[in-house]
Amino acid sequence: MVKQFTYTLKVYLGVSDYKYMANYNNKKGEISLIQQMRYFVSIVKNHSFTNAAIECNISQSSISEQMKNLSNELEVKLIKRKGRSFELTKAGEFFYQHCQEVLNEYDKLIADTRLVEKNTDNEFVLRLGYLRKFGSQEFLKAVAQFSDKYPKVTVKIHSGSYQELFKLLLNDKLDLNFSDSRNTLINTYENLPLTQAEYRVILSPKMFPDRKESIDTKDLVDLPCILVVGADQFESEQEYYRNILGIKSPFKIAQTFGEAQMLGATGQGYIVVNSRTSGQIDSKINRVLKLTNNGRDLMQHYYAYWKKDNSSFYIESLAKILKDQFKK
């Protein structure tokens, strides 16, 4: 985050050295660029030097002088005075647009740094959601690596369905979710893509003997699709399978994956899995075919996602480790 923040400042401001990251020099009493940026944002928001000075608890002459110093240091004119009023120059408009983003990153950086210090000697709990049916080692390896690196942090993992995990995250009962993507990505969340897998179906070896590698959803309309879900999730899963995957089959519930495989083996239905989880299938009992919808390959996309306003050093650290695990 420090590196990203530094880069953002340098790109937005067009500076070539680090003197702008703190005070312009270390003379006693000189105002930092960050503080001048806060003054500038306050002036624009209030559209008044007087009200901005009151809000920032300094004199009007001082805030005017700081804006003059800021313009001189940036070597651009930010504000054009018009009598008692003013307007922003094009450079001023650009600077204002990005000032708030930079200040938010700066404040977050400070808060996260203090959080690390605060939790050095105290227990910090990181609550993670894990998609129950994923069946991969990357997540567990990432958690183990994170715990090894940050032993003071207690990691709590909740395994559940997509709907269950999303609801817990929405209600601030989880900090980060690892799950597939089923809806349009929400811009109030950080959405980190991790991996993808093609959809497949588990069938009895006696079903569709002419199909060797793949089968389309339209060929399965008369065979029940078996869902391994609780009764409370049955309706939402049906909606996802119909609207996203294009499955038109009737549905039936199995309580466990083992029960679902037995139903499949006896020709009572088929199970939708993906290329990462299909390795758990006993090829002597069932066979696995790639699933298509009107000839189009179907892919399942997995993300780590968390609320932007709840992002922290530990959440971002775990997300990076998780991303690195899937690159291996």
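Residues numbered from 1 in each chain as written. Predicted model: local features only at pLDDT ≥ 70, side-chain atom pairs only at ≥ 80, totals over all residues. Heavy atoms only, no water.

Student: Lay out the layout of surface pockets with the relevant residues and their values.
Tutor: Any space left empty among the atoms is revealed by the rolling of a water-sized probe across them. Roughly 570 Å³ of volume is contained in the second largest pocket. In terms of lining residues, the second largest pocket is bounded by 30 residues, among which R132, K133, F134, V228 and F257 are the most central. Elements with a minimum of two residues in the lining of the second largest pocket: β8 (225–228), α8 (234–243), β10 (270–274) and β13 (299–307). The element best represented in the lining of the second largest pocket is β10, accounting for four residues. For the lining of the second largest pocket, the class distribution of residues is 16 nonpolar, nine polar and five charged. (1 Å grid on protein atoms, 1.4 Å probe; cavity = no way out; pocket = protein on both sides within 12 Å on 5 of 7 lines; lining within 4 Å. Points joined across faces, edges and corners; volume = space filled by probe spheres on them. Helix = DSSP H or I, 4+ residues; strand = E, 2+ residues; numbered from the N terminus. Nonpolar A, V, L, I, M, F, W, Y, C, P; charged D, E, K, R; others polar.)

Student: Requested: an account of the nonpolar core, with residues and values cited.
Tutor: Within the largest apolar cluster, 33 residues are counted, with the highest numbers of intra-cluster contacts made by F146, L176, F178 and L322. At the level of secondary structure, the elements contributing two or more residues to this core comprise β3 (124–131), α6 (138–149), α7 (162–170), β5 (176–180), β6 (189–203), β13 and α10 (313–327). The biggest single contributor to this core is α10, with seven residues. What L322 contacts, discounting residues up to four positions off in sequence, is E138, F139, A142, F178, L194 and A304. (Core = buried A, V, L, I, M, F, W, Y, C linked by side-chain atoms within 4.5 Å. Buried < 20%, exposed > 50% of the residue type's maximum accessible area, 1.4 Å probe, protein only. Contact = heavy atoms within 4.5 Å.)

Student: Describe in detail the packing of aromatic side chains, supporting the description with residues and values.
Tutor: The tally for this structure, following the rule as stated, stands at 20 aromatic pairs. Both rings, one in Y130 and one in F139, keep their centres 4.6 Å apart while their planes meet at 35°; by these two values the pair is tilted. A relative accessible area of 0% means that F139 is categorised as buried. Between Y189 and Y305, the aromatic rings sit 6.4 Å apart at their centres with planes inclined by 70°, giving edge-to-face as the arrangement. With Y189 in strand β6 and Y305 in strand β13, this residue pair connects regions lying 116 residues apart in the sequence. Of the two residues, Y189 and Y305, both sit in the buried class. Of note, R81 hangs over the ring of F49, and the distance from its end group to the ring centre comes to 4.1 Å. (Phe/Tyr/Trp six-rings, centres within 6.5 Å; stacked < 30°, edge-to-face > 60°. Lys NZ or Arg CZ within 6 Å of the ring centre and 35° of its normal.)

Student: Can you break down the side chain of N177 residue by residue, with the values?
Tutor: Its place among the elements puts N177 in strand β5. Here N177 falls in the buried class, since its relative accessible area comes to 0%. Within polar-contact distance, the side chain of N177 engages the backbone oxygen of L165 at 2.9 Å. (Polar contact = N/O pair within 3.5 Å; in protein donor to acceptor, adjacent residues only side chain to side chain.)

Student: Can you tell me about the confidence of the model for the chain, naming the residues and giving the values?
Tutor: Here the chain shows a mean pLDDT of 84. Residues at 70 or above account for 87%. The weakest mean pLDDT in the chain belongs to helix α1 (residues 2–13) at 44; the strongest belongs to strand β7 (residues 214–216) at 95. A low-confidence stretch, residues 1–29 stays under pLDDT 50, and its non-local contacts, those more than four residues away or across chains, total 44 contacts. (pLDDT = per-residue confidence, 0-100.)

Student: Go over the pattern of salt bridges, please, and point to the residues and values.
Tutor: A complete count under the given rule lists twelve salt bridges for this structure. We note a salt bridge from D172 to K307, for which the minimum N-O separation is 2.9 Å. Of this pair, D172 sits in the loop between α7 and β5 while K307 is found in strand β13, placing the two residues 135 residues apart along the sequence. For K307, a relative accessible area of 14% gives the class buried. A salt bridge links K218 to D216, with the shortest nitrogen-to-oxygen separation between them at 3.6 Å. (Salt bridge = Lys/Arg side-chain N within 4 Å of Asp/Glu carboxyl O.)

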